[in-house]
Amino acid sequence: MRIVTGALGLALMAVGATLLLTGGQLKDVALWLAGAIVLHDGIIAPLVLGVGLLLAAVPARGTVRGALVVAGCLTMIALPPLLRPGAPTNPSALPLDYLRNWLLVLAAVAVVTGVVLAVRWLLRKVPRR
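Note that this is a predicted model, so its numbers are computed, not measured.

Novice: I would appreciate a short explanation of a nonpolar patch on the surface in the present structure.
Specialist: A cluster of nonpolar side chains, contributed by L39, I43, I44 and V48, occupies part of the molecular surface with about 340 Å² of accessible area. As for its position among the elements, I43 is in helix α2 (residues 26–55). A residue is classified by how much of its surface remains accessible, and I43, at 51% relative accessible area, is exposed.

Structure below.
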């Protein structure tokens, strides 16, 4: 199974390389990849490592890490509409208030995390028989 999956991956990479070289978008892709490397290695990775170091002393760090992973994923999904300022030329393309909805979902993640932490704290305080 591993060999089949590897061969399929190599075939798809060959198709992608062929499309990239024949489509004339090599410069755009190279610029995007360079930006992704700078963004990841210069901003995202140090930020994640710093937050991880800060959370090392927190007793419920697993729950907090989980909430931060969910918040990070939601933010990455929401970035394209959030970074597109102004009204779209086609109002049906982005019909919602994405900034407000993103903030509401992040608030819901924070509330659920707080409830989970509170329930765990209360369960530890209840005497066991």
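Structure's up, so let's keep going.
Novice: What should I look at first to understand the side chain of T63 in this one?
Specialist: Assignment of secondary structure puts T63 in helix α3 (residues 61–82). Taking the relative accessible area as the measure of exposure, T63 reaches 16% and is therefore buried. Residues contacting T63, with those up to four places away along its chain left out, are T113, V116, L117 and R120.

Criteria and thresholds
Residues numbered from 1 in each chain as written. Predicted model: local features only at pLDDT ≥ 70, side-chain atom pairs only at ≥ 80, totals over all residues. Heavy atoms only, no water. Patch = residues over 30% accessible without salt bridge, like charges linked within 9 Å, V, L, I, M, F, W, Y side chains within 5 Å. Areas by Shrake-Rupley, 256 points an atom, 1.4 Å probe, with all protein chains shown as cover. Salt bridge = Lys/Arg side-chain N within 4 Å of Asp/Glu carboxyl O. Helix = DSSP H or I, 4+ residues; strand = E, 2+ residues; numbered from the N terminus. Buried < 20%, exposed > 50% of the residue type's maximum accessible area, 1.4 Å probe, protein only. Contact = heavy atoms within 4.5 Å.

Purely geometric numbers; function is a separate question.
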